[in-house]
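A closer look at the structure
Listed here are the chains, written in short residue letters.
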2 protein chains.
Amino acid sequence: MCDHSDPGATQKVNGAAPETHVGIDTSMSLGSNGAPANGAEVRRQPHLGDTGNAGNVQPFNSRYSDFLSNVSNFKIIESTLREGEQFANAFFDTETKIKIAKALDKFGVDCIELTSPAASEQSRKDCEAICKLGLKTKVITHIRCHMDDARIAVETGVDGVDVVMGTSKFLREYSHGKDMTYITKTAIEVIQFVKSKGIEIRFSTEDSFRSDLVDLLSIYQAVDKVGVNRVGIADTVGVANPRQVYDLVRTLRGVVGCDIECHFHNDTGCAIANAYTALEAGATHVDTSVLGIGERNGIPSLGGFIARMYTADREYVMSKYNLKALREVENLVAEAVQIQVPFNNYVTGYCAFTHKAGIHAKAILANPSTYEIIRPEDFGMSRYVSIGHRLTGWNAVKSRCEQLELDLTEEQVKEATAAIKKLADVREQTMEDVDRILRNYARSIEASAA
Amino acid sequence: MCDHSDPGATQKVNGAAPETHVGIDTSMSLGSNGAPANGAEVRRQPHLGDTGNAGNVQPFNSRYSDFLSNVSNFKIIESTLREGEQFANAFFDTETKIKIAKALDKFGVDCIELTSPAASEQSRKDCEAICKLGLKTKVITHIRCHMDDARIAVETGVDGVDVVMGTSKFLREYSHGKDMTYITKTAIEVIQFVKSKGIEIRFSTEDSFRSDLVDLLSIYQAVDKVGVNRVGIADTVGVANPRQVYDLVRTLRGVVGCDIECHFHNDTGCAIANAYTALEAGATHVDTSVLGIGERNGIPSLGGFIARMYTADREYVMSKYNLKALREVENLVAEAVQIQVPFNNYVTGYCAFTHKAGIHAKAILANPSTYEIIRPEDFGMSRYVSIGHRLTGWNAVKSRCEQLELDLTEEQVKEATAAIKKLADVREQTMEDVDRILRNYARSIEASAA
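All values derive from a computational prediction rather than experimental measurement.

**Here's the deal with the overall build of chain A**
- Helices and strands together make up the secondary structure of chain A, namely 17 helices and 11 strands.
- Split into buried and exposed, the 450 residues of chain A put 65% on the buried side.
- Taking all contacts inside chain A whose residues are at least 6 apart in sequence as the whole, residues at least 24 apart take part in 74%.
- As displayed, chain A has an accessible area near 15600 Å², and 48% of this comes from carbon and sulfur atoms.

**A closer look at the UniProt feature "coiled-coil region" (unreviewed entry) in chain A**
- Residues annotated by UniProt as "coiled-coil region" (unreviewed entry) correspond here to residues 406-433 of chain A.
- End-to-end, the C-alpha atoms of residues 406-433 of chain A are 16 Å apart, and along that stretch the chain is 71% helix and 0% strand.

**What to know about the pairing of strand E8 (residues 259-264) of chain B**
All names here are of chain B.
- Burial analysis of E8 places five of its six residues in the buried class, the great majority of the element.
- Note: strand E7 (residues 230-235) against E8, six bridges, orientation parallel. What sits directly across from Ala234, in E8, is His263.
- For the crossover from E8 across helix H10 (residues 271-280) to strand E9 (residues 285-288), the handedness is right-handed.

**Describing the side chain of Thr137 of chain B**
All names here are of chain B.
- Turning to its location among the elements, Thr137 is positioned in the loop between helix H4 (121-131) and strand E4 (138-144).
- Within the structure, Thr137 has its side chain in polar contact with the backbone nitrogen of Ile112 (distance 3.4 Å).
- In contact with Thr137, other than residues within four places in its own chain, are Asp105, Val109, Asp110, Cys111, Ile112 and Asp159.

**A look at helix H16 (residues 410-426) of chain A**
- Between the first and last C-alpha of H16 of chain A there are 25 Å, a value that for 17 residues agrees with the 24 Å anticipated at 1.5 Å per step.
- Within H16 of chain A, the full set of buried residues consists of Gln412, Val413, Ala416, Thr417, Ile420, Ala424 and Asp425 of chain A.

**Describing the pairing of strand E2 (residues 75-78) of chain B**
Residues and elements named next belong to chain B.
- Examined bridge by bridge, E2 and E9 share four bridges and lie parallel to one another. By the bridge assignment for E9, Lys75 is matched with His285.
- In this structure, E2 lies alongside strand E3 (residues 111-114), joined through two bridges in parallel fashion. Across the sheet, residue Glu78 finds its bridge partner in E3, namely Ile112.
- For the segment spanning E2, helix H3 (residues 94-107) and E3, crossover handedness is right-handed.

**Remarks on the sheet that holds strand E5 (residues 160-166) of chain B**
All names here are of chain B.
- Read around the closed barrel, the eight strands follow the order E2-E3-E4-E5-E6-E7-E8-E9; overall the barrel is parallel. On average, each strand axis in the sheet is tilted by 25° relative to the strand beside it, whichever way the strands run.
- The sheet strands contacting helix H8 (residues 213-225) are strand E6 (200-206) and E7, and the helix crosses E6 at an angle near 170°.

**Side note on the packing of aromatic side chains**
- Counted under the stated rule, the structure contains 14 aromatic pairs over all chains.
- Ring geometry for Phe74 of chain B against Tyr316 of chain B: centres 5.2 Å apart, planes inclined by 65°, an arrangement best described as edge-to-face. With Phe74 of chain B in the loop between helix H2 (40-44) and E2 and Tyr316 of chain B in helix H12 (residues 314-320), the pair connects residues that are 242 residues apart, well separated along the chain. Accessibility assignment for this pair places Phe74 of chain B and Tyr316 of chain B in one class, buried.
- Pairwise contacts between aromatic rings join Phe74, Phe107, Phe305, Tyr316 and Tyr321 of chain A into one cluster.
- Positioned above the aromatic ring of Tyr246 of chain B is the side chain of Arg243 of chain A, whose terminal nitrogen or guanidinium carbon lies 3.9 Å from the ring centre.
- Taking the ring centre of Tyr276 of chain B as reference, the NZ or CZ of Arg308 of chain B above it sits at 4.5 Å.

**Digging into the sheet that holds strand E5 (residues 160-166) of chain A**
All names here are of chain A.
- What the eight strands build is a closed barrel, ordered E2-E3-E4-E5-E6-E7-E8-E9; its pairing is parallel. Strand-to-strand, the axes of this sheet are offset by a mean angle of 25°, without reference to chain direction.
- Sheet analysis places strand E3 (residues 111-114) next to strand E4 (residues 138-144), joined by four bridges and oriented parallel. Each residue of the ladder has a partner; that of Leu114, found in E4, is Thr141.

**Side note on the environment of Ile373 of chain A**
- By the secondary structure assignment, Ile373 of chain A is in the loop between helix H14 (358-366) and strand E11 (383-386).
- The sequence separation of Ile373 of chain A and Ser168 of chain A amounts to 205 residues, and the corresponding C-alpha distance is 39 Å.

**Regarding the packing of helix H9 (residues 242-253) of chain B against H10 of chain B**
Residue and element names in this part refer to chain B.
- Relative orientation of the contacting elements H9 and H10 amounts to 30°, with a least axis distance of 8 Å. Considered as vectors, H9 and H10 are oriented roughly parallel to each other. Considering the relative orientation of H9 and H10, their crossing is right-handed. Taken together, the residues of H10 that come into contact with H9 (itself represented by Pro242, Val245, Tyr246 and Val249) are Ala273, Asn274, Thr277, Ala278 and Glu280.
- Split by residue class, the contact of H9 with H10 holds six nonpolar, two polar and one charged.

About the criteria used
- Residues numbered from 1 in each chain as written.
- Chains lettered and ligands numbered in written order.
- Predicted model: local features only at pLDDT ≥ 70, side-chain atom pairs only at ≥ 80, totals over all residues.
- Heavy atoms only, no water.
- Helix = DSSP H or I, 4+ residues; strand = E, 2+ residues; numbered from the N terminus.
- Buried < 20%, exposed > 50% of the residue type's maximum accessible area, 1.4 Å probe, protein only.
- Contact = heavy atoms within 4.5 Å.
- Areas by Shrake-Rupley, 256 points an atom, 1.4 Å probe, with all protein chains shown as cover.
- UniProt positions renumbered as here; feature names shortened; annotations may be inferred.
- Pairing = 2+ DSSP bridges.
- Right-handed = clockwise from strand over helix to strand, strands pointing away.
- Polar contact = N/O pair within 3.5 Å; in protein donor to acceptor, adjacent residues only side chain to side chain.
- Expected span 1.5 Å × (residues − 1).
- Axes fitted to C-alpha atoms, helices over the stretch in contact; angles between N-to-C directions.
- Phe/Tyr/Trp six-rings, centres within 6.5 Å; stacked < 30°, edge-to-face > 60°.
- Lys NZ or Arg CZ within 6 Å of the ring centre and 35° of its normal.
- Parallel < 35°, antiparallel > 145°, perpendicular 65-115°, else oblique.
- Left-handed = near helix turned anticlockwise from the far one by under 90°.
- Nonpolar A, V, L, I, M, F, W, Y, C, P; charged D, E, K, R; others polar.

The following block contains the structure:
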């Protein structure tokens, strides 16, 4: 079990820095492109976050636009209130659901997906309540591919319905036991019914990467023909890898005219990369959840996916989403499901912008783009350079001396750095230890000069 | 900051299940292939973990072996004691370093990489001490591409030396300030010196994905010609995506004859997927650290990378690594750096094998392969099916009734399930709540029958 003894710990983790770190003003030395503010340099070496499809300077990004790619034109289906409710610790009451829905709306996700109203009486009521909030985001519910569920769903006031049906041999034999003919027939019936109510509909297969390719393409083509708004691919077990994803999505893109949604589980660490690669191959929608919560170890986290997309096209991401609202919704969900934000969480984890090794610290101080592809201030975060350890370098120590207004020469800073390293070999150094060493050192120099 | 109030919490997180879960014997219904033990079925529907290059049944894995791929023939360079020491919280003393080195050796990693002996006097002594342990794993140290560091490194007793030099414009201008001619000249001098001492050497560029392709290939070709054992690609800032990685590694594979190592940071969630894709393109070695600790939010975690590779070739992974030793080394490192194992950690996170939605639970009970691609028992873990919530299904409840030896008909189990769902709408259900409902229900039926 998680340690729940201090429910406030989640908040403390976010944005707080370990004690031995020097806070650095993130606006320092940043021009409008994240490169040092020295005019001519900016164009040739923009911060990577600026390299959208247009002004792309990464040697390994193609210089030419990719006809299939939706990397600069994607939508997020935020599933914290559906997939996330399947997380072991999640028991959302109505009030919490509404808070989360509002926070996601504030962040600016394109759609939110809710647990099926057929799951329980309260689930149905919650679905109705969220539909009545008047959010900018579309509200979708996720149901089994079954007329009983569809009839309940269309009465709740949702903008869209996501239906799903297992097509892999595993699920056909051990779960619902239906054959492809039956699956196709049911899917078409449900789609036509939901559309007749003027509501958007998506049809997804389940466990798509262990399904037969011909079966998959057949059913996707059939539902596309009857006017489904979106088809979905789901890596329900987390088995897919990026090159498989690219191949399947690209193939599917040639078969259907509708939108393509992708849902990836993270059991083997590929969920975010698979989502990105799917967009490269022509997918249009990606499923996320806050902190990635879901069945087992979950799906792409909203923050991690945003970090990935920001790196690919900062301008698009910044124009569409309210990045500074990320931390708030993460804290809200972490508290609701009683987990700590992981130490290594994307963007908001407490070490996401901490630099430690001497050569990293030196370069970061000269130009943050050297070791950072995300500008912390875009997310309301700060950068930290850690100095109280044996991997420290004199450039980082010099920066701290300047903050303390200690007047030391380069040689003297190097000597002080050697003293810090020596002490760090003996025991862990806090910020106070480091400051004391530096102050004592400066005082001793003043004394000997006097 | 992390909540360190309970240092034992790390241990508790691992393998412990939330209260409302039913433990399921993981050997249940598993034949030697993870499919139900009913002969004929096994060949047609093996557990996905069994699908190596040979008996591959995943529709989207190629049926034919891939000439370039090293997915079934890779080596791990475990860098907890180098990259991991650059993690914000890491201050390893000698004793801790030795414990971690031994635990990694027990797990069976191919090489361990240590902090440069030039970093500090203690780093040098620790390096010597670890070399003297007589581990099966190779011991490597990681230094700047500089003769001063190389001279110190070769005296420590290491099996290999990893050198690194920044080649991106960012690092050339804001870090070391050297041009490609100087970099190449220095690299060759260091390589020849280290080789003359009979020690293995790797040359890696830093920030490879923001370096010029022609510069990269030129220097890799030059160092390959003078007999470097391995070249390294490093995504130092975590910017690379899988298709870029595939292209670069495949291109490099055509240029050099030596081994290829890959080092990926995880800032944008692609580290594990990039490592896997690099192996597909012909890379031979992948860098990991325990729990992924390193600069900023780190690199591929040993456990996550192993999960990925296990899914691709269970037989190779099981034959080479002691998977049941994973949890031990994770707990050791989590304690040493005072972090909690993240709730969503690969394989050992407490929800990695927890199943909650009714349809998932039903299928898992019929055949674990339906929603699991990793067999928990291979890692010394257990599976849990959660039932005390509004997404529960009657199949999971039936399984619990059988464990409690309650004699209920299918109809009666369904009625009891409805009761659990109704109560779960009101408040969170513990295992005790669920058991009480079931027992009372069974008793009331007995009473009315009497």
